[in-house]
Structures are given as structure tokens and as C-alpha cells.
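Listed here are the chains, written in short residue letters.
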Amino acid sequence: MQPSLTAPPVLAAGQWQARAAAHEARVDRWTAPHRERRLRGETHPVLDFLFTYYSETPGRLRRWHPGAGLALAAPAPHEGRRWYVRDGATVRLDTGAFLADRGGTVRFVHRLLEATASRPAFTGCFGLHEWAMVYRDTSTRHPVPLRLGQAGTDAVVDAHPVRCSHYDAFRFFTPEAAPRNRLQPTRESQPQLEQPGCLHAGMDLYKWAYKLSPATPGELVADCFELAVEIRELDMRASPYDLRDHGYEPVRIETPEGKAAYVAAQREFTARGAELRRRLVAVCDRLLDAGCTTPTTPALARQNTRDVDLVTATASTPHRGGATTT
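Bear in mind the structure is a predicted one, so any value in this text is a computation, not a measurement.

A.B. asks: Please provide a residue-by-residue account of unusual backbone geometry, values included.
C.D. replies: Following Ala 74, the chain continues to Pro 75 via a peptide bond in cis, the omega torsion being 0°. Among the secondary structure elements, Pro 75 is positioned in the loop between β2 (71-73) and β3 (84-87). Of the consecutive residues Ser 213 and Pro 214, the connecting peptide bond is found in the cis state with omega at 10°. Following the sequence through the fold, Pro 214 ends up in the loop between α9 (199-211) and α10 (218-237). Although it is not a glycine, Trp 83 adopts a positive phi angle of roughly 75°. Looking at the secondary structure, you find Trp 83 in the loop between β2 and β3. Despite not being glycine, Arg 136 shows a phi value in the positive range, around 50°.

A.B. asks: Could you give me a rundown of the environment of Leu 220, with the residues and numbers involved?
C.D. replies: One can find Leu 220 in helix α10. The class for Leu 220 is buried, based on a relative accessible area of 3%. Through-space distance from the C-alpha of Leu 220 to that of Val 283 is 9.9 Å; in sequence the pair is 63 residues apart. When neighbours within four sequence positions are excluded, Leu 220 is seen to be in contact with Leu 276, Arg 279, Leu 280 and Val 283.

A.B. asks: Go over the packing of helix α4 (residues 95-117) against α9, please, and point to the residues and values.
C.D. replies: A pair of packed helices is characterised by two quantities: the angle between their axes and the separation of those axes. In the contact formed by α4 and α9, the axes pass within 10 Å of each other and the chain directions differ by 150°. In terms of axis orientation, α4 runs roughly antiparallel to α9. By crossing handedness, the relation of α4 to α9 is classed as left-handed. In this structure, α4 contributes Arg 102, Thr 105, Phe 108, Val 109, Leu 112 and Leu 113 to the contact, and α9 contributes Leu 205, Trp 208 and Lys 211.

A.B. asks: For the packing of α9 against α10, give the residues involved together with the corresponding values.
C.D. replies: Axis separation between α9 and α10 bottoms out at 8 Å; the angle between their running directions is 150°. In terms of orientation, α9 and α10 fall into the roughly antiparallel class. Crossing hand, α9 versus α10: left-handed. Facing Leu 199, His 200, Gly 202, Met 203, Leu 205, Tyr 206 and Ala 209 of α9, the residues of α10 in contact are Val 221, Cys 224, Phe 225, Leu 227, Ala 228, Ile 231, Arg 232, Leu 234 and Asp 235. Classifying every residue of the contact of α9 with α10 gives 12 nonpolar, two polar and two charged.

A.B. asks: For the sheet that holds strand β1 (residues 10-11), give the residues involved together with the corresponding values.
C.D. replies: Across the sheet, four strands lie side by side as β1-β2-β4-β3; this open sheet has mixed pairing. Every other strand in the sheet has two partners, leaving β1 and β3 as the edge strands with one partner each. Pairing geometry for β2 and strand β4 (residues 90-93), over three bridges, is antiparallel. Within β4, the residue paired with Ala 73 across the bridge is Thr 90.

A.B. asks: Can you explain the nonpolar core? Please cite residues and give values.
C.D. replies: Counting residues in hydrophobic clusters, the biggest one holds 85 residues, and the most contacted among them are Phe 173, Tyr 206, Ile 253, Tyr 262 and Leu 280. By residue number, the principal contributor to this core is α10, which donates 11 residues. Excluding anything up to four places from it in sequence, Tyr 262 contacts Cys 125, Phe 126, Gly 127, His 129, Leu 199, Leu 234, Ala 238, Val 251 and Ile 253.

A.B. asks: Requested: an account of the packing of aromatic side chains, with residues and values cited.
C.D. replies: The geometry of an aromatic ring pair comes down to the distance between the two centres and the angle between the two planes. This model, assessed by the stated rule, comprises 11 aromatic pairs. A centroid spacing of 5.2 Å and a plane angle of 80° characterise the contact between Tyr 53 and Tyr 54, whose relative ring orientation is edge-to-face. Each member of the pair, Tyr 53 as well as Tyr 54, is classed as buried. Ring geometry for Tyr 206 and Phe 225: centres 4.9 Å apart, planes at 70°, overall edge-to-face. In this pair, Tyr 206 sits in helix α9 while Phe 225 sits in helix α10, placing the two residues 19 residues apart along the sequence. An identical accessibility class is assigned to Tyr 206 and Phe 225; each is buried. Taken together, the aromatic side chains of Trp 30, Phe 49, Phe 51, Tyr 53, Tyr 54, Tyr 206, Tyr 210 and Phe 225 make up a single cluster linked through ring pairs. The positively charged end of Arg 232 is found above the aromatic ring belonging to Phe 49, 4.1 Å away from the centroid.

Cut-off values and rules
Residues numbered from 1 in each chain as written. Predicted model: local features only at pLDDT ≥ 70, side-chain atom pairs only at ≥ 80, totals over all residues. Heavy atoms only, no water. Helix = DSSP H or I, 4+ residues; strand = E, 2+ residues; numbered from the N terminus. Buried < 20%, exposed > 50% of the residue type's maximum accessible area, 1.4 Å probe, protein only. Contact = heavy atoms within 4.5 Å. Axes fitted to C-alpha atoms, helices over the stretch in contact; angles between N-to-C directions. Parallel < 35°, antiparallel > 145°, perpendicular 65-115°, else oblique. Left-handed = near helix turned anticlockwise from the far one by under 90°. Nonpolar A, V, L, I, M, F, W, Y, C, P; charged D, E, K, R; others polar. Pairing = 2+ DSSP bridges. Core = buried A, V, L, I, M, F, W, Y, C linked by side-chain atoms within 4.5 Å. Phe/Tyr/Trp six-rings, centres within 6.5 Å; stacked < 30°, edge-to-face > 60°. Lys NZ or Arg CZ within 6 Å of the ring centre and 35° of its normal.

Structure representation (C-alpha cells):
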């Protein structure tokens, strides 16, 4: 692999070391308690989702990357990691090698994010996807009780139209709930249906950030993760589960006041997600632009045509039930 034609800006050792340390300290706010719970054999019905449904491990999340377009003053531990190269006194991401391996991923994420951003936000779903996952379901998914009981939960679904556009939520609907959904999303229709007001589309910005890693700057990955944490908390507070014993007061979407609170939070998350989506599109643009100018070897070009990265698959084995997956 030949070096890129334009030398990237270089972060001095003190600069990149400070950014790496700040990133580690920031994500330790969430990764450290998760590790401690695992050591004690404890589960968390809200936060475990971020480390089980999503495939990024706490260790990888904690690892800071400068992203494409920046070089690090050597020596740097990145030098021994995949897709990094040493150019004299600097270490940088080899964007040509990354694209050769992950070009299909980059193009898919770019297409999906741009399509999502082009649509108006819909904020009238009220989080009913979580309710549809347990609709008329008598089996026990997990130890968290239903706040209104099974009959009360079913009555809420019966009283509301269900309009879920996100396939990775819809695929967990119970057989009785799926036909009630106004849309019937599929994996193939995801780029046509994803819309920026969807809480799950907002959470999935974290997935796309780490799918593009190490080309994604660590700060952007952490920003996406922080948004995913906050959205997950709203998602579960508005769900049919009673999580008060875990410190989460319910957002009672079955009431007018609860609906208003949900929509207000949803709109705030939509605005924050729009900016993160824009930054992720910029990462894709930088990579794709570099691919137009950076030469690749024939072997790596052949790898690019065989890119079968399952970007549309979530990380873990599916489980129905909102306290574990959504």
C-alpha cells in the first residue's frame, strides 16, 4: 500500500496522549460500572443492552482513535493495530487499506445516513414498539414486571395505532402485534424507511460510529455512545416495564402528559442525532474521497469486491423483550 499523496496534519505526542486519556476517562463512566456488575454476576435491565445488543466491547470502546485524516507523532501504540501504518516519524490510518477491507460498510452506512437525514422526523410513535414486543405474550422474558400487567399492556396497544419504521425493533414484535403495525419494515427496506425521529435510529448512530472505526474519531464514537445511553433510558422509561426499583421513573405514554413528555424528549434527541449523523457522513465522505486518490494493490482491490461485512446485523443473538433487546 502506497502512502496517501497529501501528508495529514500531525498531533504531537502530548496532544494525542491527552485526547486518548480524556476519552478513556469519559467512557469509563459507563464501562467501569458495567465491568463491575459482570464481576459480581449482576445484570442491568437498561444499560446492559449497550454492551450486549451492540457488538462493541467495553475494551474497544475505551480505545481512542484519531480518525482518518490525522497522524500521530511516533511512537504510538496504534502502530501495531490493524489498518495503521508508520510513515517515518508518524503513525496514521491507512485509508486505502481500510477501504479495501471495509468499503462495502462505508458505502452502506453513507447511503443509509444520508437517506435518513433527508426525511422529516416523525414523533408520533410514543415508544409503542416496546409494548408490541410483549403484546398478548404470556411467557416470561425476564424478571422485570409489567407496570400495568399483561391485560393493561395489551389494552394500551389495542387503543393506539402502531407505526414503527425501524426493522430492528419491528423484528421483535410478537406475532399478534406485527400485523397491527402500519408499516412492515424489512432489512431490505431499511434505507427507504429509516427516519430521524426514531429513537432506535438515534441509538444506532453509535453502531455506525463503531462500524466505521478506527476511521471514526474517538470523540465522535463517545458522543454517539452518550446519546445512545440517554435514548435507551427514555426508551425503557416509556416501555411497559416497571423499572422504579432500578431508579427509573416511568414516562406514562398511555396518558396525554406522558405522550407530551415523550415527544419533547424525542425532538431533543432528534436534533442531537442530526448533528452526529452529519459528522458520521463527513467521515464516510473523507474515506470515499481518499479512495478516489489513494492507490491500492490488486489484491486489496479484490478484497474490496468481497466485502461481506454484516453491517445490517446487530451484534447479539436476538432475544425478544424490551429489557434485553429492542
